[in-house]
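Structural characterization, general
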Amino acid sequence: MQVSFYGHVRQYQNIKSEIDANIHEVLMSGQYVMGPMLKRFEAELARYHGTKYAIGVGNGTDAIWLALMALGIGPGDEVITHPNTFFATAEAIWIAGATAVFVDCCPKTKCICPANIEAAITPKTKAIVPVHLYGQCADMNAIWQIAAKHKLHVIEDNAQAIGAHGPGFRICDRSDAATTSFIIQKNLGTFGDSGAVVTNNPDIDARIRKLRNHGSDKRNVHSFGFNSRLDDLHAGILSAKLKHIDEWNDQRRKWAARYSAGLKDCRTIDLPVELPGYRHVYHLYVIETKKPEWRDMLLDHLVKAGIDAKTHYSIAIHKQAGYPWGKNARIVGPLTNAEANAACCISLPMYPELLPQEVDYVIEKVREWDAKFAAEAPEGKGIAQRGKTCPSCSKA
Ligand SMILES: Cc1ncc(COP(=O)(O)O)c(C=O)c1O
């Protein structure tokens, strides 16, 4: 059996008439950039998040640096984040001209560990960018407390967790902004690049609207800006898909539960940790081998069995030779948990359109490998989940 990592074509087939109708509407409207479909989708997205504003932009990376720039964050400023995320989180901080400050993640959730944030704060610190990694929210209650105490901005990188929430909070409830990506593999994705910023702050909304459109909010009148707009065709596709996001996230949660039930007695791997009170939306279902040397062996076993498993992310950003080091980044380490996550992670296929027999086949193949090495497995959690338990993780 072949199990793909993505279900994009199946998803299109399932709601083809709704997507095609919106594409047709845009094509016939004669307005393709900053037109009525973009306005409609922005209103729907803001309503979905419960925020006052949503601004469609070119992609999820632009969404982060546009939000930073709208807050006046740039050269000389420091922005705290964590290094076990997609490269773009730090790249956006660098594009804004600020310094990314990397602190370690929680050993269990893999999101930024609030306990590490305060030690990294200096007079130059202006913002925190937590990432809701793999589909689970960071501990925002703790992060908002720290931000309020030190008067810091918060921009949530929500590229991976649309529809998630935490105990008593929703995304962007008390942050300056939350950003997202609509690249196809995301829980809400279109057939190309695009992203958005949501915010409750009218000034941030107005600044990003101008910045994304050549610094213009009036025809022929410009100030400093860029071209980073979500076009109407993608807005139409996203508008059709947004209606399904909750049901799709529910299905992801069902597949996650099926994986977890099928793999719970495997001795060589640790399963994803879902904190109580959180709605994890499983953008990715990431298992971790208990020993780093097992990761590529298990990955290879799955790939040979026709299962398109991947790693997210096997090189933590502070280990990326391609990151523009020097004044662009500072490490407040050790980054033990992030490094262990990079060494041990494997993402199993996860999307709503998976078939039960595909999920069961993946379980069977992981179990087959586990049976060979179970006798060598260490007791308890593996190295990636054994780090110092932080206040957020200890709730697990
Ligand atoms: C956590 C995270 N941040 C930012 C991005 C950047 O989004 P984009 O690829 O749309 O620029 C992505 C995904 O691609 C991501 O996963």
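As the structure is a prediction and not an experimental result, all values here were calculated from the model. (Residues numbered from 1 in each chain as written. Predicted model: local features only at pLDDT ≥ 70, side-chain atom pairs only at ≥ 80, totals over all residues. Heavy atoms only, no water.)

Describing the site of the ligand
For the record, the criterion: One heavy atom within 4 Å of a molecule or strand is enough for the residue carrying it to be called near that molecule or strand. Throughout this description, a polar contact denotes any pair of N or O atoms lying within 3.5 Å of each other; where both atoms belong to protein, one of them has to be capable of donating a hydrogen while the other can accept it, and for residues adjacent in sequence the pair is counted only when both atoms sit in side chains. Only protein atoms enter the 1 Å grid used here. Points where a 1.4 Å probe fits but cannot escape make up a cavity, open sets with protein on both sides within 12 Å along at least five of seven lines make up a pocket, and a residue lines them when an atom lies within 4 Å of a point. In this description, a molecule resides in a pocket or cavity if more than half of its atoms sit within 2 Å of the grid points defining it.
By nearness alone, 14 residues border the ligand, and Gly60, Thr61, Asp157, Ser181 and Lys186 come closest of all. Between the ligand and Asn59, the relevant distance is 3.4 Å, taken from an oxygen atom to a side-chain nitrogen or oxygen of the residue. Side-chain polar atom of Asp157 to a nitrogen atom of the ligand: 2.7 Å apart, as the coordinates give it. Most atoms of the ligand, that is more than half of them, are within 2 Å of grid points of the largest pocket.

A closer look at the pattern of salt bridges
Put simply, the test is: By definition here, a salt bridge exists when the distance from a side-chain nitrogen of Lys or Arg to a carboxyl oxygen of Asp or Glu is within 4 Å. Runs of H or I in DSSP of at least four residues are treated as helices and runs of E of at least two as strands, each being numbered from the N terminus. A 1.4 Å probe rolled over the protein chains alone gives each residue an accessible area, and that area as a share of the maximum for its type sets the label: buried under 20%, exposed over 50%, partly exposed in between.
A complete count under the given rule lists 20 salt bridges for this structure. In this structure, the salt-bridge partner of Asp300 is Lys304, at a minimum N-O distance of 2.7 Å. Linking Asp300 with Lys304, this pair stays in helix 11 (residues 292-304), spanning 4 residues, or about one helical turn. Given a relative accessible area of 67%, Lys304 falls into the exposed group. Through salt bridges that share partners, Glu42, Asp205, Arg209 and Arg212 make up one connected network.

Remarks on the state of the cysteines
Note the threshold: Disulfide assignment relies on a single distance test, namely cysteine sulfur atoms paired within 2.5 Å.
For the structure on display, the rule yields 0 disulfides. We note that Cys172 lacks a disulfide partner, and the nearest cysteine sulfur, in Cys137, lies 11 Å from it.

What to know about the layout of surface pockets
For the record, the criterion: Grid points are joined across faces, edges and corners, and a volume is the space filled by probe spheres set on the points. Following the grouping adopted for this structure description, the nonpolar residues are Ala, Val, Leu, Ile, Met, Phe, Trp, Tyr, Cys and Pro, the charged ones are Asp, Glu, Lys and Arg, and the polar ones are all others, Gly among them.
The computed volume of the largest pocket comes to approximately 540 Å³. Lining the largest pocket are 34 residues, and of these Ser181, Ile183, Gln185, Lys186 and His283 lie nearest its centre. When residues in the lining of the largest pocket are grouped by element, the largest group, 3 residues, is from helix 4 (residues 60-70). A class-by-class count of the residues in the lining of the largest pocket yields 15 nonpolar, 14 polar and 5 charged.

Some thoughts on empty space enclosed by the protein
Defined as follows: For the purposes of this description, domain bounds are those given by an automatic or database domain assignment.
Taken as a whole, this structure holds 2 cavities of 30 Å³ or more when the rule is applied. There is about 110 Å³ of room inside the largest cavity. Residue lining of the largest cavity: 15 residues in total, with Lys108, Lys110, Tyr134, Pro272 and Val273 positioned closest to the centre. Its residues assigned to classes, the lining of the largest cavity shows 7 nonpolar, 5 polar and 3 charged. Counting contributing residues per domain, the lining of the largest cavity is built from domain 1 (8-242) and domain 2 (245-395), each supplying no fewer than three.

Brief notes about unusual backbone geometry
Of all residues except glycine, most have a negative phi; of all peptide bonds, most are trans. Cis geometry marks the peptide bond from His312 to Tyr313, where omega comes out at 5°. In this structure, Tyr313 sits in the loop between helix 11 and strand 12 (329-331). In this model, Gly333 is joined to Pro334 through a cis peptide bond whose omega is 0°. Relative to the assigned elements, Pro334 resides in the loop between strand 12 and helix 12 (336-344). One non-glycine residue, Tyr282, lies in positive phi territory at about 40°. Looking at the element boundaries, Tyr282 is found in the loop between strand 10 (269-270) and strand 11 (285-289). Since its relative accessible area comes to 4%, Tyr282 is described here as buried.

A few points about the sheet that holds strand 10
We count it as follows: In this scheme, strands are said to pair when DSSP sees at least two bridges between them. Any two residues having at least one pair of non-hydrogen atoms within 4.5 Å are treated as being in contact. Every axis corresponds to a line fitted to the C-alpha atoms, with the helix fit spanning only the stretch in contact, and the corresponding angles, defined between N-to-C directions, vary from 0 to 180 degrees.
Strand order in this open sheet of 3 strands is 10-11-13, and the pairing throughout is antiparallel. Two strands lie at the open edges of the sheet, namely strand 10 and strand 13 (345-348), each paired on one side alone. Of the strand pairs in this sheet, strand 11 and strand 13 are connected by 4 bridges, and their pairing is antiparallel. Counterpart to Glu288 in the pairing with strand 13 is Cys345. Against the sheet, helix 10 (residues 245-263) touches strand 10, strand 11 and strand 13, its axis set at about 25° to strand 11. The strands touched by helix 11 are strand 10, strand 11 and strand 13; relative to strand 13, the strand with the most contacts, the crossing angle is about 25°.

Some thoughts on the packing of aromatic side chains
The criterion, for reference: Here the aromatic set is Phe, Tyr and Trp, taking the six-membered ring for Trp, and pairing holds for ring centres within 6.5 Å; pairs whose planes are under 30 degrees apart are stacked, those over 60 apart are edge-to-face, and all others are tilted. Each ring is checked for a lysine NZ or an arginine CZ that lies within 6 Å of its centre and within 35 degrees of its normal; such an atom marks a charge sitting over the ring.
Within this structure, the stated rule accounts for 13 aromatic pairs. Ring plane angle 70° and centroid distance 4.7 Å describe the contact between Trp65 and Phe226, whose orientation is recorded as edge-to-face. Here Trp65, found in helix 4, pairs with Phe226, found in the loop between helix 8 (202-211) and helix 9 (232-242); they are 161 residues apart in sequence, far enough to count as distant. By way of ring pairs, the aromatic residues Trp65, Phe224 and Phe226 are connected into one cluster. Above the face of the Phe5 ring, Lys310 is positioned so that its terminal group lies 5.5 Å from the ring centre.

Notes on a nonpolar patch on the surface
This is how the line gets drawn: Two distance rules govern patches: like charges are joined within 9 Å, and nonpolar side chains (Val, Leu, Ile, Met, Phe, Trp, Tyr) within 5 Å, applied only to residues with over 30% relative accessible area and no salt bridge. Areas reported here follow the Shrake-Rupley algorithm with a probe of radius 1.4 Å; residue values treat only the protein chains shown as occluding.
Among the surface-exposed residues, Leu27, Tyr32, Val33, Met34 and Leu233 lie close enough to one another that they form a single nonpolar patch of about 410 Å² accessible area. As for its position among the elements, Met34 is in the loop between helix 2 (16-29) and helix 3 (36-49).

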